[in-house]
Each structure stands twice: as C-alpha cells, then as structure tokens.
Amino acid sequence: MLDSIFDFQGVSFEYPYVLLLIIFFILCSKFCKAKVTSYYVPHLFIYEKSSTFNSSMVSFFKWSTIVFSILALASPVKELNVINNKKDGIDMVLSLDTSGSMRQIGFNKNNPEQNRWDVVKDIVDDFVSKRTNDNIGLVVFGSSVMTASPLSYDKNAQKKILKGLGIAVVGEKTALIDSVATAVNILKNRKTKSKIIILLTDGEDTASSIPLDVVEKMIKKYNIKLYAISIASMNSFVLNKLSLSNGGKSFMAKSKDQLKNIYEEIDKLERSKIDQNKVVLKEYFYQYPLFIAFFTLLFFVYFKNKKEL
C-alpha cells in the first residue's frame, strides 16, 4: 500500500527551470543582507550557546521552507498513461476484390506461383498493422458484396478475418461499384473528420446493379475520399471517375513491389492527426514538498520568535 503511495520512480519536473530560483536565493543571502545597527551588550556570552542553537535552527528551517517550496513550484510529476483522442483518427474501409480472376499467378516476381489474392492479403495485413490509430472496416466483393469486418480498432481480429477470406468467397464475378456503395454506407454517418475508402480490384465491373453516377454523388455528399488501385489491368475509366469525384487518387500496380509502394504512399498521404492530440494521464507530487514546506515554515516562525525573545 505504502509502496504504491510513495512510488516516485520515473518522477520528473513539469517546470524544471523553476529550480534555478534556488541559485537566486543563495546569491541573495550572500549579497542582499540588510544593514542593522549594532549594540554592545555586556556579559552576552551567557546567552551565546542558546543563541547559536536557535540561529542554526532558524537557518535550517528557513532554507528547508525555500527549497521545498521551489520543489513544489517545479511540479514533480509522473506520466502514467497516454490516451489517444479517437475522434481525430481516420475512419477507413478497405474494399478488396476476391473475384475468380484473383487466382492468377505471376504478380510476385520473387514467388511466381503465388496468386494475386495471397499477395494482396500479405500487403493489406502489413498496412492494417501500421494503422494503429484508425477505425478500419473490411469489405470484399465478387458477384456480390460482403462486409467482412465493421469499423473496428481491433487490428488483430481484422488480420484473422483477412487471413480466413478466400477467392470467390462471394462469387466469381466483380461487383466493383456495388462494393463502393457498401463502403459509403458504412462511413456516411461517421462524425470523424477523415473518411477514406481504399478500393482494390484486378478487373472490370461485371456484376454491379448500382449506376456509377449514383455512387459518385454518394462519395461527394458524404465527403469521402477514395483511393482506387488497379492491379494488372487497364480498368482506368471507372477507377478514375470514382477517385476524382472527391479529391482522391487512382493507382496502377503491375507487380507486388509496385502494390506495396502504393499502400506505403497512401499511408503517408493519410496520416492520422491523432498523434498530435494525445491525452497524457499524469500523477502530480507537488503536494508532498508543499506539505513539508508548510511545516518547516511553522518551525521557522517558532524558532525565529524564540530567538528574538
């Protein structure tokens, strides 16, 4: 119990420059002495012993009061924890193509037998791990669209979900535009300042029922930025239309290395402001030196008055 109360390990001063006041008081004690009139009192040696003791005590308690008061003003503090203000994070939906064409191999030059989907999973897994402050959701699409994970800060759970997803989990075709509509519906009522969709596909839309212009209007209406990534295809028209509808950007990757670089670029473009809005929980210890200073002041007054009697 006492160990937890008086645990001063890791204590620092919030205002360390205040400690320089001690030097000021030391200099003042040497050069700022008041001039007093001297009187000759015969037989003063009788009181010399008692007076010396009182003077020592007055000096000790005076300096103790000064030192502990300055320590209290310097505000000794211990950092306990840091809490992120989640409102300044980013709400982000990753919309991933799991259509049958993702079975194709040759996208990874270092491992030609690895199919496109396995390459995407590796890179997205790494991307999710880096976005510790962001609220991320997962959408996958094939012939239909499925929300694999709602918006969540639980990155470990999302990585497990991602690992369990396979090619054609929602069909062989490509409902690309419908997947964006689903992602918009996840984000539209969120109150965060930044709402992002990262869309990845390897082919043309072959299964959507929602018109492209409707989805464009939805992106603008709910102020969502979309980054579109095309891998090994020339599906530029639709992706450009979607990404440019509200200040986003489209990319094309023809290899694993290029895809990795694209996710790294997006990671840099959309850095969360949450790092600038951290709430630091602190434990203050100024009350301890202040408490000591109070009692040393009482003793100083006592011995000072006793000396003058």
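Residues numbered from 1 in each chain as written. Predicted model: local features only at pLDDT ≥ 70, side-chain atom pairs only at ≥ 80, totals over all residues. Heavy atoms only, no water.

Novice: What is the right way to read the packing of aromatic side chains from this model?
Specialist: Aromatic ring pairs: the centre-centre distance and the angle between the two ring planes describe each pair. Tallying each qualifying case throughout the model produces 10 aromatic pairs. Geometrically, the ring pair formed by F24 and F25 is edge-to-face, given 5.6 Å between the ring centres and 80° between the ring planes. Residue classification places F25 among the partly exposed residues on the basis of a relative accessible area of 32%. Summarising the aromatic geometry, the rings of F61 and F299 are spaced 5.1 Å apart at their centres and angled 20° between planes, so their arrangement reads as stacked. Of this pair, F61 sits in helix α3 (residues 45-73) while F299 is found in helix α10 (residues 287-308), placing the two residues 238 residues apart along the sequence. Looking at F299, the relative accessible area reads 42%, which means it is partly exposed. One aromatic cluster is present, built from ring pairs that chain together F60, F61, F299, Y302 and F303. (Phe/Tyr/Trp six-rings, centres within 6.5 Å; stacked < 30°, edge-to-face > 60°. Buried < 20%, exposed > 50% of the residue type's maximum accessible area, 1.4 Å probe, protein only. Helix = DSSP H or I, 4+ residues; strand = E, 2+ residues; numbered from the N terminus.)

Novice: I tried to follow the nonpolar core on my own but got confused; where do I start?
Specialist: Nonpolar side chains tend toward joint burial in soluble globular proteins. Residues I198, I229, L259 and Y263 are the most contacted members of the largest nonpolar core, which totals 32 residues. Among the secondary structure elements, those contributing two or more residues to this core are β3 (90-97), α4 (116-130), β4 (135-141), β6 (194-201), β7 (225-231), β8 (249-253) and α9 (256-269). Broken down by element, this core gets its largest block of residues, seven residues, from α4. In contact with Y263, other than residues within four places in its own chain, are L96, I123, V124, F127, I198, L200 and I229. Counting 24 residues, the second-largest nonpolar core is a separate cluster that includes L199, M218, L226 and V238. (Core = buried A, V, L, I, M, F, W, Y, C linked by side-chain atoms within 4.5 Å. Contact = heavy atoms within 4.5 Å.)

Novice: Help me understand empty space enclosed by the protein, please; the structure alone is not making it clear to me.
Specialist: Where empty space is left in the structure can be found by rolling a water-sized probe over the atoms. Considering all chains together, one arrives at one cavity of 30 Å³ or more under this definition. Size it by volume and the largest cavity reaches roughly 60 Å³. In this structure, the largest cavity is lined by I123, D126, F127, K130, K260, Y263, E264 and D267. Only α4 and α9 provide two or more residues apiece to the lining of the largest cavity. Of the residues that constitute the lining of the largest cavity, the class distribution is three nonpolar, no polar and five charged. (1 Å grid on protein atoms, 1.4 Å probe; cavity = no way out; pocket = protein on both sides within 12 Å on 5 of 7 lines; lining within 4 Å. Points joined across faces, edges and corners; volume = space filled by probe spheres on them. Nonpolar A, V, L, I, M, F, W, Y, C, P; charged D, E, K, R; others polar.)

Novice: Honestly, helix α6 (residues 176-187) in this entry has me stumped. Any pointers?
Specialist: Residue pairs three or four apart in sequence face the same way in an α-helix, which turns once every 3.6 residues. Taking 1.5 Å per residue as the helical rise, α6 with its 12 residues ought to reach 16 Å, and the 17 Å between its terminal C-alpha atoms agrees with that figure. Here α6 lies mainly inside the structure; nine of its 12 residues are buried. Taken residue by residue, α6 has L176, I177, D178, S179, V180, A181, A183, V184 and L187 as its buried positions. (Expected span 1.5 Å × (residues − 1).)

Novice: Explanation requested: the packing of α4 against helix α5 (residues 155-164) in the structure shown.
Specialist: Two measures define how a pair of helices packs: the angle their axes make with one another and the distance between the axes. Relative orientation of the contacting elements α4 and α5 amounts to 180°, with a least axis distance of 10 Å. On the basis of their axis angle, the class for α4 and α5 is roughly antiparallel. Contact residues: W117, K121, V124, D125, V128 and S129 in α4; K155, Q158, K159, L162 and K163 in α5. A per-class count over the contact of α4 with α5 returns four nonpolar, two polar and five charged. (Axes fitted to C-alpha atoms, helices over the stretch in contact; angles between N-to-C directions. Parallel < 35°, antiparallel > 145°, perpendicular 65-115°, else oblique.)

Novice: Sorry if this is basic, but what is going on with the pairing of β7 here?
Specialist: On a regular strand, one side chain projects to one face of the sheet and the next to the other, so that they alternate. Here β7 lies mainly inside the structure; six of its seven residues are buried. In terms of strand pairing, β6 meets β7 through six bridges, oriented parallel. Following the sheet pairing, L200 is matched in β7 by I229. Regarding the hand of the β-α-β motif, the stretch spanning β6, helix α7 (residues 212-221) and β7 is right-handed. With five bridges connecting them, β7 and β8 associate as parallel partners. Pairing of I229 across the sheet is with F251, part of β8. (Pairing = 2+ DSSP bridges. Right-handed = clockwise from strand over helix to strand, strands pointing away.)

Novice: I would appreciate a short explanation of the sheet that holds strand β5 (residues 145-152) in the present structure.
Specialist: In sheet architecture, strand pairing relies on hydrogen bonds along the backbone and comes in two forms, parallel and antiparallel. Taken in spatial order, the six strands of this open sheet run β5-β4-β3-β6-β7-β8, and their pairing is mixed. Among the strands making up the open sheet, the edge pair consists of β5 and β8. For this sheet, the mean inter-axis angle between neighbouring strands, taken without regard to orientation, is 15°. Where β3 lies against β6, seven bridges are found, and the strand directions are parallel. Within the sheet, the bridge partner assigned to S95 lies in β6 and is L199. Relative to β8, α9 is tilted by about 160°, and along the sheet it contacts β3, β6, β7 and β8.

Novice: It is not clear to me how the environment of L165 should be interpreted in this structure. Could you clarify?
Specialist: Looking at the secondary structure, you find L165 in the loop between α5 and α6. Sequence separation between L165 and D118 is 47 residues, and the spatial gap between their C-alpha atoms is 10.0 Å. Beyond its immediate chain neighbours, meaning those up to four positions away, L165 contacts W117, K121, V140, M146 and A148.

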